[in-house]
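Overview (structure and organization)
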Amino acid sequence: MLHLSWSNFVERWTLFIGAIVTVCLGVALVQSSLLLLLTVATLDAPSHLSALGRMEFTETKQVAVTLIAVTLAFSAFLAVFIIGSTFAFTVAERRRDFALLRLVGGDRRQLRRMLLGEAVLLGAIGAAVGIPVGVAVMSFQTWLLNRMRFVPVGFEGEWRGWILAVSVSAGIGLAVAGVLLAARRASRVRPLEALHETGKAAHVMTRGRWIIGLLFAMGAGVLIGVSPAGGPAGGQAMAEVVSLCAALAFTAMSPRLVTLFARLLPVRSKAVIGTLAKANLRDGVRRSASTAAPLIVLVGLVLGQFGALTSFAASGQDQKRAGTVADLVVEANGPVSPRFAAVRGLAHVSTEIQVPVAVRTGNGEMATTEIGRALIVDPAAYPHAHPGSGSLDALRGKAVAAGPGGDLISRGDHVGARIGDTDLGSLPVVAKVPEAMSGGAALILPSGLVPASALADATSQTFVTLSPGADEQKITQALSRIGTVRGLDDWLDRDAAESSATSADIFVVVMGLGGMYALVGVINAVVIAAASRRSEFAAARATGLTRKQVGYMALAEAWAVTAIGLVFGGLAAAGTYVAVVVTTAAVTGTATLVVPWTLILAIGAGAFLVTGATSVLTSWWATRPSPVTLLGARE
């Protein structure tokens, strides 16, 4: 059977080359992300760093581990989905071949063995090519992470020899997993049904597809319903998963959606090309659904994730703007509160120093330690600069308050805290400020609890409110001797710009290469669909259509499928947008949604351009031989 699998590959290489490409890129992405994750997780802080510097190094390392782990999970999901879809498509396009094989004596077990042999062969070839491609991908990802400062300075991905075995196993495993279900279904179809497209062979929307589609659709609905109760962190996570569940639901039900969409397409009765394209769209439901599936996932995830990131960032900034009262903001290093006493004309001064802190929660075997952020403040002055934060009168001596990012810390708890080499021991949580959509410090500590020597290199922000009638220009000059002075609006605008840039950087790191991989999956589907229709195109030409008309027909079909992918991918993203609106309204009291119109238009135009160009090129290649040659050839 392995010999037969190789013969099939040699004879039908145009059908299999797309499967090899998907395996190659899937292995490359997973291999690169896994190596980077292991490299970051095993990094040690440089010995020359101070105690506070080592904590900042560890904090950066934790962020990098989380970001790369999400990238790895996303890459693995796309690899499984796209490779599985591609292999299932190649199997579905060869139903007649399998029927003939069954008619000449092949049984179901032999058919499954042949398909598994093809999967092993294609997976091995794809993995062999994907390993060196993965090295190049890792270099690019390393450069990207360094450029966006998500990893410690000088970070370089490390190669590990055992990754070869992992990559080969992953390539073959993904290929075999992708073909297993399709092979089982293909072997159960009766030969005559496959030849005549009747019975099970003609039944595309199976019971399994309905069940999977409805389960994911219900999952998306449940996530939308419970996301407001998840708070800032949990709500954001659930909202971002909505588009994934909705995209998978639409993908599972894509054969039915293609049929319904095809009926709604407006075509003039005398438009021969349009009528043929509409008929082909409905007749080739498997082909159309397989082409639309990766586009639905691509559009749903890209638009959903980017819209969620930008909307939550905007909501956090609106909340920060509404919850901050000051005229000027002074940025400096170290404890600077005493220096403001010499400046006249100040009504309120609230100095906040943010430092990394090791927070210990739980007891015994359930105890955990995480690096977060602590905000050191004057408890009496903090509420003046942040109205709505509540009273911090109890925050005195050896005590802490749960900060805006302390979603897992409650009043009445006891937590351990260590800043640099200073271990503050177990501290009672005596207050809790409202959680913020943008997160923030996990703990708020009273000034004086941490020695000034441990805060010498820490960055401070002082919110200054001027007394009525004070000369702002003179006060600004006096404050400039302490640090950099900005107006509140200027400071908030700068902070918002940095937050938006960080959200965009996270999106690029997590979704950039994965999105390109999904786009390759779309191109592959269009190429495979056209490559397997050479005889169909030849029959159309033999009945009177010109080569150019066949190309127009294929282009119309490709654009119709693209429209299906864009519409239902957009609906999947809309599910996330609904979750964003209800979550931001629950957390901040104001519903916030930033719709990425520019990205929507770019993705729409790009999708039509890519699928259109791919369709034109492949149909032109498929119609090069004369129709008589193709109709008489052994397919």
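Residues numbered from 1 in each chain as written. Predicted model: local features only at pLDDT ≥ 70, side-chain atom pairs only at ≥ 80, totals over all residues. Heavy atoms only, no water.

Digging into the overall build of the protein
Basically, it comes down to this: Here a helix means four or more residues in a row that DSSP labels H or I, a strand means two or more in a row labelled E, and each is numbered from the N terminus. Note on exposure labels: buried denotes an accessible area under 20% of the residue type's maximum, exposed denotes more than 50%, and partly exposed covers the range between, all computed with a 1.4 Å probe on protein chains only. The contact rule is simple, with two residues in contact once any of their heavy atoms fall within 4.5 Å. Here, Shrake-Rupley sampling with a 1.4 Å probe gives the accessible areas, and only protein chains in the shown set may cover a residue.
A tally of regular secondary structure across the protein gives 19 helices and nine strands. Looking at the protein as a whole, 49% of its 635 residues qualify as buried. A fraction of 83% describes how many contacts in the protein between residues 6 or more apart in sequence connect residues 24 or more apart. Approximately 28,600 Å² of the protein is accessible, and the part contributed by carbon and sulfur atoms is 62%.

Details of the pattern of salt bridges
Condition: The salt bridge definition used is simple: a Lys or Arg side-chain nitrogen within 4 Å of an Asp or Glu carboxyl oxygen.
For the structure on display, the rule yields 11 salt bridges. One salt bridge in this structure joins D490 and R486, with 4.0 Å as the shortest N-O distance. Salt bridges sharing common partners tie together E331, R486, D490, R494 and E498.

Quick word on the environment of W620
Summarising the element assignment, W620 is placed in helix α18 (residues 597–622). In this structure W620 comes out as partly exposed when scored by relative accessible area, which is 48%. Note: C-alpha distance between W620 and A554 (66 residues apart in sequence) is 9.7 Å.

What to know about the nonpolar core
Where a protein is soluble and globular, its nonpolar side chains tend to be buried together. Here is the rule we go by: We define the nonpolar core as a collection of buried residues of types Ala, Val, Leu, Ile, Met, Phe, Trp, Tyr and Cys that are connected through side-chain atoms lying within 4.5 Å of one another.
Counting 91 residues, the largest nonpolar core has L78, I83, F87, L145, V509, M511 and Y517 as the members making the most contacts within it. For I83, the contacting residues outside a window of four places in its chain are T22, V23, L78, L174, A175 and Y517. Counting residues in hydrophobic clusters, the runner-up holds 23 residues, among them L52, V357, I376 and L424.

Structural notes on unusual backbone geometry
Not every positive phi belongs to a glycine, and R149 is a case in point at roughly 60 degrees. Relative accessible area serves as the criterion here: at 72%, R149 is assigned to the exposed category.

Observations concerning the packing of helix α10 (residues 254–264) against helix α12 (residues 285–322)
Worth spelling out the cut-off: The angle between two axes is taken between their N-to-C directions and runs from 0 to 180 degrees, where each axis is a line fitted to C-alpha atoms and a helix contributes only its stretch in contact. With respect to orientation, any angle under 35 degrees is reported as roughly parallel, any angle over 145 as roughly antiparallel, any angle of 65 to 115 as roughly perpendicular, and every other angle as oblique.
Running from N to C, α10 and α12 cross one another at 110 degrees; their axes reach a closest spacing of 9 Å. By the angle between their directions, the pair α10 and α12 is classed as roughly perpendicular. Together, S254, P255, V258 and T259 of α10 and V285, S288 and A289 of α12 make up the contact between the two elements.

A few points about the environment of E156
Along the chain, the position of E156 falls in the loop between α5 (108–147) and α6 (163–188). Residue E156 is classed as exposed on the basis of its relative accessible area of 53%. E156 sits 17 residues away from S139 along the chain, and the two C-alpha atoms are 8.3 Å apart.

Structural notes on helix α16 (residues 534–542)
For the record, the criterion: Summarising the geometry, the arc corresponds to the directions from the helix axis toward the C-beta atoms.
Of the positions making up α16, those classed as buried are F537, A538 and A540. Considered in projection along α16, the buried side chains sweep an arc of 160 degrees and stay on one side of the axis. Looking one or two residues beyond α16, the residue adopting positive phi is G544, at roughly 125 degrees.

Structural notes on helix α11 (residues 272–283)
Each α-helix turn comprises 3.6 residues. Residues three or four places apart therefore point the same way. Note the threshold: Multiplying one less than the number of residues by 1.5 Å gives the expected span of a helix.
When the terminal C-alpha atoms of α11 are compared, their 16 Å separation across 12 residues agrees well with the 16 Å that a helix rising 1.5 Å per residue should span. Within α11, the full set of buried residues consists of A277, N280 and L281. Down the axis of α11, the smallest arc covering the buried residues is 105 degrees, so these residues share one side.

Some details on a nonpolar patch on the surface
Operational definition: Patch definition: residues above 30% relative accessible area lacking any salt bridge, with like charges linked at up to 9 Å and the nonpolar side chains Val, Leu, Ile, Met, Phe, Trp and Tyr linked at up to 5 Å.
Taken together, V135, W159 and L164 make up a surface patch of nonpolar side chains, about 250 Å² in accessible area. Tracing the sequence through the fold places L164 in helix α6.

Side note on the packing of aromatic side chains
The geometry of an aromatic ring pair is captured by two quantities: the separation of the ring centres and the angle between the planes. Selection criterion: Aromatic rings from Phe, Tyr and Trp, with only the six-membered ring used for Trp, were paired whenever their centres fell within 6.5 Å, and each pair was classed as stacked if the ring planes differed by under 30 degrees, edge-to-face if by over 60, and tilted otherwise.
All told, the structure shown has six aromatic pairs when counted by the stated rule. Centroid distance F306 to F507: 4.9 Å. Interplanar angle 70 degrees. Geometry classified as edge-to-face. Remark: F507 occurs in helix α15 (residues 488–531) and F306 occurs in helix α12; sequence separation between them is 201 residues. Taken together, a centroid distance of 5.3 Å and an interplanar angle of 90 degrees make the contact between F463 and W491 edge-to-face. With F463 in strand β8 (residues 459–466) and W491 in helix α15, this residue pair connects regions lying 28 residues apart in the sequence. With respect to class, F463 is no different from W491; both count as buried.

Considering the pairing of strand β2 (residues 346–361)
Cut-off, in case you're wondering: When DSSP locates at least two bridges between a pair of strands, those strands are taken to pair.
Strand direction decides the pairing type here: β2 and β8, joined by eight bridges, are antiparallel. Counterpart to I353 in the pairing with β8 is S460. With nine bridges connecting them, β2 and strand β3 (residues 368–377) associate as antiparallel partners. The residue bridging T361 from the neighbouring strand is T368, located in β3. Two elements, β2 and strand β5 (residues 414–419), share three bridges in a ladder whose sense is antiparallel. Paired with R360 across the strands is G416, a residue of β5.

Section: the environment of T623
Along the chain, T623 turns up in the loop between α18 and α19 (627–632). In this structure, the C-alpha to C-alpha distance between T623 and A531, residues 92 residues apart in sequence, is 9.8 Å. Among all residues touching T623, those that are not within four sequence positions of it are F537, R541, R547 and V550.

Concerning the side chain of T618
Stated formally: Under the rule applied, a polar contact is a pair of N or O atoms within 3.5 Å (in protein, one hydrogen donor and one hydrogen acceptor; residues adjacent in sequence only if both atoms are side-chain atoms).
Its place among the elements puts T618 in helix α18. Residue T618 is classed as buried on the basis of its relative accessible area, which comes to 12%. Looking at T618, its side chain comes within polar contact range of the main-chain oxygen of S615, at 3.2 Å. Every residue in contact with T618, bar those within four places of it in the chain, is listed here: V526, V527 and A530.

With respect to the packing of helix α17 (residues 547–588) against α18
Short version of the rule: By definition, any crossing whose near helix is turned counterclockwise from its far helix by less than a right angle is left-handed, and any crossing with a clockwise turn is right-handed. Residues are sorted three ways: Asp, Glu, Lys and Arg are charged, Ala, Val, Leu, Ile, Met, Phe, Trp, Tyr, Cys and Pro are nonpolar, and all the rest, Gly among them, are polar.
Where α17 meets α18, the closest approach of the two axes is 9 Å, and the angle between their N-to-C directions is 150 degrees. In terms of orientation, α17 lies roughly antiparallel with respect to α18. Crossing geometry of α17 relative to α18 is assigned as right-handed. On the side of α17, the interface is formed by R547, G551, A554, L555, A558, W559, T562, A563 and L566, while α18 contributes I603, G604, A607, F608, T611, G612, S615, V616, S619 and W620. Among the residues forming the contact of α17 with α18, the class breakdown is 11 nonpolar, seven polar and one charged.

Details of the pairing of strand β7 (residues 443–446)
With burial as the criterion, each face of β7 is covered, one bearing L443 and L445 and the other bearing I444 and P446. Pairing analysis gives four bridges linking β3 to β7, with the strands arranged parallel. Residue L375 lies in a different strand from β7, and its bridge partner there is I444. As paired elements, strand β4 (residues 400–402) and β7 share two bridges and run antiparallel to each other. Its bridge partner lying in β7, A401 is registered against I444.

Some words on the side chain of T324
Mapped onto the secondary structure, T324 falls in the loop between α12 and β1 (328–333). Only 2.7 Å separates the side chain of T324 from the backbone oxygen of K320, close enough to count as a polar contact. Discounting residues that sit within four places of it in the chain, T324 has contacts with A385, H386, F463 and L488.

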